[in-house]
Amino acid sequence: MPKGKYHVVLDDDLFKDFHKFKNGEKLEKEEVERIKCLLHYFKGDLITNIAQYERTGQPLTPEMKKTLAKNGLKQQTKEELAQSHTMYKVILCCGCSDFPYVNVTSDKEKIENNLSSFYDIAEKRDKAIKHLKALCSGAKKIVVYDKYFAEQPKEARNIETLVKILPQKKLTILFSHISPNGIKSLTEKCAEWNPQLDATLKGRHDRYIIVDDKLEIVLSSGFDHLSADSSDFMYVVRVTDKSRF
């Protein structure tokens, strides 16, 4: 197994679960749940060594052992494997959250595997807008947090972009920053929309679209760079239990 950017290291418990799953063995309910969590994080190929096979008692054929030894994968610790043979430098596990461990079963784990998209300067944002529109399509409430949303003369363009994203149906839209003219413009675009300025939305640096308090879309540089391609732009989509606002 040569060094590669899409290799992943597992702790010994997940290593055993993964082999049961891979070999088609019957899994207990808790093992099934751990595998589901693991696959959410799993990217690319497993990187392991002779020592891990020996520790966990997993079958290791002479041919596999020879291949591992040939690639120098003999007695490294899990931490050494993660550091020297993976791009992300982490170990997936189900019982510890201290770096480099990532607890795939914990809802308090800070290192997450979320959906994201990056656009460089001059790249059109059409696909991003279509994606965000789909994410908002079933919404009943949208929170738009962007401290610079109402800056002039950018507000009109930001509103035009937002109109492309929001569903044309009954919808409450809470803004951290928007002008009276902005409110008026939105109500003219769709009579079923109820846009409001909410002064309690404050204290954040990043820009967000929150969908029904369950889906969080983080905009790296706000609405202005979603609609304009003069700068780079990234967004991240996270499933949440509750809104941060």
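The structure reproduced in this document is the subject of the present report. (Residues numbered from 1 in each chain as written. Predicted model: local features only at pLDDT ≥ 70, side-chain atom pairs only at ≥ 80, totals over all residues. Heavy atoms only, no water.)

## Topic: the side chain of Arg-207
Locating Arg-207 in the fold gives a position in strand β9 (residues 207-211). The exposure class assigned to Arg-207 is buried, which follows from its relative accessible area of 13%. (Helix = DSSP H or I, 4+ residues; strand = E, 2+ residues; numbered from the N terminus. Buried < 20%, exposed > 50% of the residue type's maximum accessible area, 1.4 Å probe, protein only.)

## With respect to helix α2 (residues 29-41)
Over its 13 residues, α2 extends 19 Å from the first C-alpha to the last, a length consistent with the 18 Å expected when each residue adds 1.5 Å. Residues of α2 that are buried include every one of Glu-31, Ile-35, Leu-38 and Tyr-41, and no others. Down the axis, α2 shows its buried residues gathered within 115 degrees of arc, on one side only. Structural note: α2 exposes Lys-29 and Lys-36 on the side pointing more than 90 degrees away from its buried face. Elements that come into contact with the buried residues of α2 comprise β1 (7-10), α1 (12-22), β3 (91-93) and β4 (101-103). (Expected span 1.5 Å × (residues − 1). Arc of directions from axis to C-beta. Contact = heavy atoms within 4.5 Å.)

## Describing the packing of helix α7 (residues 154-165) against helix α8 (residues 180-189)
The interhelical angle for the contact between α7 and α8, taken along N-to-C directions, is 30 degrees, at an axis separation of 11 Å. One finds that α7 runs roughly parallel with respect to α8. Our pair here, α7 against α8, has a crossing hand that is right-handed. Across the interface between the two elements, Glu-155, Ile-159, Glu-160, Leu-162 and Val-163 from α7 touch Gly-182, Ser-185, Leu-186 and Lys-189 from α8. Looking at the contact of α7 with α8 residue by residue, the class counts come to four nonpolar, two polar and three charged. (Axes fitted to C-alpha atoms, helices over the stretch in contact; angles between N-to-C directions. Parallel < 35°, antiparallel > 145°, perpendicular 65-115°, else oblique. Left-handed = near helix turned anticlockwise from the far one by under 90°. Nonpolar A, V, L, I, M, F, W, Y, C, P; charged D, E, K, R; others polar.)

## Observations concerning the pairing of strand β8 (residues 193-197)
Each regular strand shows side chains that alternate between the opposite faces of the sheet. In terms of strand pairing, strand β7 (residues 171-175) meets β8 through five bridges, oriented parallel. Bridge assignment links Phe-175 to a residue of β8, and that residue is Leu-197. Considered for its hand, the β-α-β crossover made up of β7, α8 and β8 is right-handed. (Pairing = 2+ DSSP bridges. Right-handed = clockwise from strand over helix to strand, strands pointing away.)

## Here's the deal with the pattern of salt bridges
For the coordinates displayed, the defined rule picks out 14 salt bridges. Linked through salt bridges whose partners overlap, the residues forming this network are Glu-112, Glu-216, Arg-238 and Arg-244. (Salt bridge = Lys/Arg side-chain N within 4 Å of Asp/Glu carboxyl O.)

## So, a nonpolar patch on the surface
A cluster of nonpolar side chains, contributed by Tyr-6, Met-87 and Tyr-88, occupies part of the molecular surface with about 350 Å² of accessible area. Within the secondary structure layout, Met-87 lies in the loop between α5 (78-85) and β3. (Patch = residues over 30% accessible without salt bridge, like charges linked within 9 Å, V, L, I, M, F, W, Y side chains within 5 Å. Areas by Shrake-Rupley, 256 points an atom, 1.4 Å probe, with all protein chains shown as cover.)

## Remarks on the sheet that holds strand β5 (residues 115-119)
With mixed pairing, seven strands are arranged side by side in an open sheet as β5-β11-β10-β9-β6-β7-β8. A single partner strand is all that each edge strand has here, and the edge strands are β5 and β8. Sheet twist, expressed as the average angle between the axes of neighbouring strands with direction ignored, equals 15 degrees. Of the strand pairs in this sheet, strand β6 (residues 141-145) and β7 are connected by four bridges, and their pairing is parallel. Within β7, the residue paired with Val-144 across the bridge is Phe-175.

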